[in-house]
Amino acid sequence: MATEGGGKEMNEIKTQFTTREGLYKLLPHSEYSRPNRVPFNSQGSNPVRVSFVNLNDQSGNGDRLCFNVGRELYFYIYKGVRKAADLSKPIDKRIYKGTQPTCHDFNHLTATAESVSLLVGFSAGQVQLIDPIKKETSKLFNEENSCQHLWKVDWNEERENEGSKTSEEALVTVQRLIDKSRVTCVRWVPGSESLFLVAHSSGSTYLYNVEHACGTTAPHYQLLKQGESFAVHTCKSKSTRNPLLKWTVGEGALNEFAFSPDGKFLACVSQDGFLRVFNFDSVELHGTMKSYFGGLLCVCWSPDGKYIVTGGEDDLVTVWSFVDCRVIARGHGHKSWVSVVAFDPYTTSVEESDPMEFSGSDEDFQDLLHFGRDRANSTQSRLSKRNSTESRPVSVTYRFGSVGQDTQLCLWDLTEDILFPHQPLSRARTHTNVMNATSPPAGSTGNSVPTAGNAAPPPLPRSNSLPHSAGSGAGGKGGVADGAVASGVSKFATLSLHDRKDRHHEKDHKRNHSMGHISSKSSDKLNLVTKARTDPAKTLGTPLCPRMEDVPLLEPLVCKKIAHERLTVLVFLEDCVVTACQEGFVCTWGRPGKVPAEPFSCSQEGRMQGVLQDQD
């Protein structure tokens, strides 16, 4: 599906790219798709999504992959860069009639080699809980007489009924008791074995418990809390039933949400163009941000929970500081809507001024890496040291990526000169077309923003692909600023998985039954978001939505066309990067130094086994 990289044409699909770490290479043998490998006719279908889980089995090959293509859902053993994908042997495959899968999420807390819980959201509003290992369907939520209407069919039945729709299938589109609109995002609540959150295109989000039923009648709600552009209701019922809570956020569809690394905060992006960050337990609004224009489509947190990146219909990626509640940078590289943003915890680096303490290279962390969680925790601990006045100066570089409807993959480096503009700029500066190369005037602060009348400085040389020098942490005199950031980091002390598991029962009780601790009045921060600011024409030029010249503008480290159709997936794993496009192809890009010299294809492996048997 791709030609060899290195061509001169702008529309040529690339199969490799280079960063400061080395060469990333597309691995054709590790491509996953429908078994027939035929490109999917994606017109009118929902975006292809990919979910991963590690089962921690003893074989060393515990990674599992789930992806949806049209009406189909597949569950495979993911072999990554090690072995070729065998598309003829999916662990589970499902084809649905009358509705399409739109999103899915594994419960990593309960996953074992014998069982895994997978939530699947659908275009008609249902949410299904399945176990693809046992090939069982446990429950169906937001569905009246659920077992009668949502169908799983085998291959032969699907062929025979192609283009037909029975009366029972027609019920799928109308019998929604909770919400009739498309499911846009579904996530397990971090640290919980039973709670999950579901967002719909109606703008509502619902908290469910897998142990409770949805009831046979439409739920009745009572107001729990209301603030600027959001309201939270509880389900009014004699007995506990789903949904436990209903959140109405913003105007239009709620396109995606993401929990902070410690699970305490929830970032939501909506079609009205707003990012809203809530304290999940207290249902308090922490802060907001407005897109430059259009809706926001995707959101992600940095590994340490200090920064949030969004993407959307303004073709930009926007970096928002959780501690300061403000936009600190925008990135322009895409030519169309940005569909996915994600941080790379394996490339995010911290360099201390004393190279004997920590070199910042990925090799130092290899023994700690385990499917993203261990490295993310290790990176966070290193990042926390950046904000301690007692530690040596360090240089921080966050790596994040984005993919969009322009079929391009962009990689970005978020570096010291953007994160801490009050400090002297390092020699290897991140691309920006608004930062002056000269020092600010006497009496001004280092983070002063040039006015619109100032002459724009020339673009900086392409240097954001280079690592910072060891001394670029700037002197260790952060003082008050570093102390303030450190206090913010203390709120994000990541709980270990064991601690979260031990305390999830108590938290479940509080969320399900003990709502009295939640205040009925809005937080003080809500008063700062006036109704006038919700008007897009009045938000531009305010801290809610700074003008383009008021914040640094990042340029991508890498910007490559890698697919024929719009890209819908970007996942960073330890030894590879995974992307997927709307044609239904899930691609694996080997990281530098992680690709086997001559990876075997399935046929090569079979021939090699035959040779070994003959020798025996």
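Looking up the chain in an unreviewed UniProt entry gives the name WD repeat-containing protein 20 isoform X3, with the organism given as Camelus ferus.

> Looking at this model, I keep getting lost on the packing of aromatic side chains. Mind explaining?
Within a pair of aromatic rings, the relevant descriptors are the distance that separates the centres and the angle that separates the planes. Counted according to the given criterion, the structure contains 26 aromatic pairs. With 5.8 Å between their ring centres and 65° between their planes, tyrosine 32 and tyrosine 76 make a pair best called edge-to-face. With tyrosine 32 in the loop between β2 (22–26) and β3 (50–54) and tyrosine 76 in strand β5 (residues 72–77), this residue pair connects regions lying 44 residues apart in the sequence. Under the relative-accessibility criterion, tyrosine 32 is labelled buried at 1%. Where tyrosine 74 meets tyrosine 76, the ring centres are 6.2 Å apart and the plane angle is 20°; that geometry is what we call stacked. With respect to class, tyrosine 74 is no different from tyrosine 76; both count as buried. Three or more aromatic residues link up through ring pairs in this structure, and these residues are Tyr32, Phe52, Phe67, Tyr74, Tyr76 and Tyr78. Over the ring of phenylalanine 274 we find lysine 290, and its NZ or CZ is 6.0 Å from the ring centre.

> Help me understand the side chain of arginine 399 in this model?
Residue placement: arginine 399 occurs in strand β28 (residues 394–404). Here glutamate 21 takes part through its side chain, which lies 2.8 Å from a polar atom of the side chain of arginine 399. A distance of 2.6 Å separates a polar atom in the side chain of arginine 399 from a polar atom in the side chain of aspartate 413.

> Explain the UniProt feature "repeat: WD" (unreviewed entry) in the chain here, please?
When the UniProt feature table is mapped to this numbering, "repeat: WD" (unreviewed entry) covers residues 289–321. Structurally, residues 289–321 is divided into 0% helix and 61% strand, and its ends, taken at the C-alpha atoms, are 10 Å apart.

> Help me understand the sheet that holds strand β8 (residues 118–122), please; the structure alone is not making it clear to me.
Read across the open sheet, the 4 strands follow the order β7-β8-β9-β10; overall the sheet is antiparallel. Strand pairing shows two members of the sheet lacking a second neighbour, β7 (101–106) and β10 (136–141), which therefore form its edges. Going from strand to strand, the sheet's axes swing by 20° on average, the running direction of each strand aside. In the sheet, β7 pairs with β8 via 5 bridges, with the strands oriented antiparallel.

About the thresholds
Along each chain, the written sequence defines residue order, and numbers are assigned to residues from 1. Per-residue local features of the predicted model are confined to residues with pLDDT of at least 70, and side-chain atom pairs are confined, for both listing and counting, to 80 or more; whole-chain, interface and lining totals are unaffected and use all residues. Heavy atoms from the whole structure form the basis of all side-chain values; hydrogens and water molecules are not counted. Only centres within 6.5 Å qualify two rings of Phe, Tyr or Trp (six-membered ring in Trp) as a pair; their planes then separate them into stacked at under 30 degrees, edge-to-face at over 60, and tilted for everything else. Helix numbers and strand numbers start at the N terminus; a helix is a DSSP run of H or I with at least 4 residues, a strand a run of E with at least 2. A 1.4 Å probe rolled over the protein chains alone gives each residue an accessible area, and that area as a share of the maximum for its type sets the label: buried under 20%, exposed over 50%, partly exposed in between. By the criterion adopted, a ring carries a charge over it if an Arg CZ or a Lys NZ lies within 6 Å of its centre and within 35 degrees of its normal. Polar contact is defined as a pair of N or O atoms within 3.5 Å, subject to the rule that within protein one atom must be able to donate a hydrogen and the other to accept it, and that residues adjacent in sequence are counted only when both atoms are side-chain atoms. UniProt positions are given in the numbering used here, feature names are shortened, and annotations may be inferred rather than shown by experiment. Here a strand pair is declared whenever DSSP counts at least two bridges between the two strands. To obtain an axis, a line is fitted to C-alpha atoms, over the contacting stretch when the element is a helix, and the angle between two such axes runs from 0 to 180 degrees between their N-to-C directions.

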